[in-house]
Amino acid sequence: MHLTFLEWLVVHRFPVGKAAMPFVKMFIDQFTYWAPGINVIYHFSLGLMEGKGMDGSVQRVKDKIIPTLKANYMLWPAVQLINFKFVPVAHQLNVILIVSLGWAAFLSRLSSHGTEADETHEQHT
């Protein structure tokens, strides 16, 4: 749905030239709502699933969002530029899903970072 929306937006609603289209799509995808929003949702919902409650989940977002977005911006803009430039809309989700396998592993590692130190600290207090 997101990719279809981007296509509609830059082709029909606010048409841009063919050369600029991948850049405009990438900018909208990465810097307006998708990348920041989905990463906030990820960290907040993971905090809730870990039993941290509302306050703990908000704190988790505050602690993790900047490192996550920094890493996001080192990977996803390039992936999306290639995706939007060379892959037909019908297959763009496949590219995203393949790259997302590695991204999910990275987020898992980022999410667990500090867990051992927190547990050690809790055991000693």
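This text goes with the structure placed above it.
Residues numbered from 1 in each chain as written. Predicted model: local features only at pLDDT ≥ 70, side-chain atom pairs only at ≥ 80, totals over all residues. Heavy atoms only, no water.

Novice: I tried to follow the pattern of salt bridges on my own but got confused; where do I start?
Specialist: Here the idea is simple: oppositely charged side chains can pair when their charged atoms come close. In total, this model carries three salt bridges according to the counting rule given. Of the charged contacts, one joins Glu7 and Lys25 as a salt bridge, the two residues approaching to 2.3 Å between their closest N and O atoms. Taken as a pair, Glu7 in helix H1 (residues 2–13) and Lys25 in helix H2 (residues 21–31) lie far apart in primary sequence, 18 residues in all. With a relative accessible area of 23%, Glu7 lands in the partly exposed category. (Salt bridge = Lys/Arg side-chain N within 4 Å of Asp/Glu carboxyl O. Helix = DSSP H or I, 4+ residues; strand = E, 2+ residues; numbered from the N terminus. Buried < 20%, exposed > 50% of the residue type's maximum accessible area, 1.4 Å probe, protein only.)

Novice: I'm lost on helix H3 (residues 34–49) in this one. Help?
Specialist: Note on helix geometry: an α-helix contains 3.6 residues per turn, so any two residues three or four positions apart are oriented the same way. For H3, built from 16 residues, the straight-helix expectation of 22 Å at 1.5 Å per residue is met to within 8% by its first-to-last C-alpha distance of 22 Å. Looking only at H3, the buried set comprises Ala35, Asn39, His43, Leu46 and Gly47. Buried positions in H3, seen along its axis, are confined to an arc of 105 degrees and lie on one side of it. Seen from the open side of H3, the exposed residues pointing more than 90 degrees away from its buried face are Ile41 and Met49. Positive backbone phi, approximately 80 degrees, marks Gly51, located one or two places after H3. (Expected span 1.5 Å × (residues − 1). Arc of directions from axis to C-beta.)

Novice: Explanation requested: a nonpolar patch on the surface in the structure shown.
Specialist: Taken together, the side chains of Phe5, Trp8, Tyr33, Trp34, Ile38 and Ile41 present a nonpolar region at the surface, about 560 Å² in accessible area. Elements with a minimum of two residues in the nonpolar patch: H1 and H3. The leading source of residues in the nonpolar patch is H3, at three residues. Looking at the element boundaries, Trp34 is found in helix H3. (Patch = residues over 30% accessible without salt bridge, like charges linked within 9 Å, V, L, I, M, F, W, Y side chains within 5 Å. Areas by Shrake-Rupley, 256 points an atom, 1.4 Å probe, with all protein chains shown as cover.)

Novice: I would appreciate a short explanation of the nonpolar core in the present structure.
Specialist: A general feature of soluble globular proteins is that nonpolar side chains tend to end up buried together. Judged by nonpolar contacts, the single largest core of 15 residues is most densely connected at Ile28, Trp76, Phe84 and Trp103. Discounting residues that sit within four places of it in the chain, Ile28 has contacts with Leu6, Leu9, Val10, Tyr33 and Trp34. (Core = buried A, V, L, I, M, F, W, Y, C linked by side-chain atoms within 4.5 Å. Contact = heavy atoms within 4.5 Å.)

Novice: Just to check I follow, could you spell out the environment of Ile82 for this structure?
Specialist: Relative to the assigned elements, Ile82 resides in helix H4 (residues 53–86). Exposure remark for Ile82: the relative accessible area of 52% places this residue in the exposed category. Considered as a pair, Ile82 and Phe23 are 59 residues apart in the sequence and their alpha carbons are 9.8 Å apart.

Novice: It is not clear to me how the layout of surface pockets should be interpreted in this structure. Could you clarify?
Specialist: Where empty space is left in the structure can be found by rolling a water-sized probe over the atoms. In this model, the largest pocket occupies a volume close to 460 Å³. Forming the walls of the largest pocket are 23 residues, and the residues nearest its centre are Trp34, Ile38, Trp76, Ile96 and Ser100. The set of elements that each furnish at least two residues to the lining of the largest pocket consists of H1, H2, H3, H4 and helix H5 (89–112). Tallying contributions element by element places H5 first for the lining of the largest pocket, with nine residues. A per-class count over the lining of the largest pocket returns 15 nonpolar, seven polar and one charged. (1 Å grid on protein atoms, 1.4 Å probe; cavity = no way out; pocket = protein on both sides within 12 Å on 5 of 7 lines; lining within 4 Å. Points joined across faces, edges and corners; volume = space filled by probe spheres on them. Nonpolar A, V, L, I, M, F, W, Y, C, P; charged D, E, K, R; others polar.)

None of the figures reported here should be taken as evidence of function without further support.
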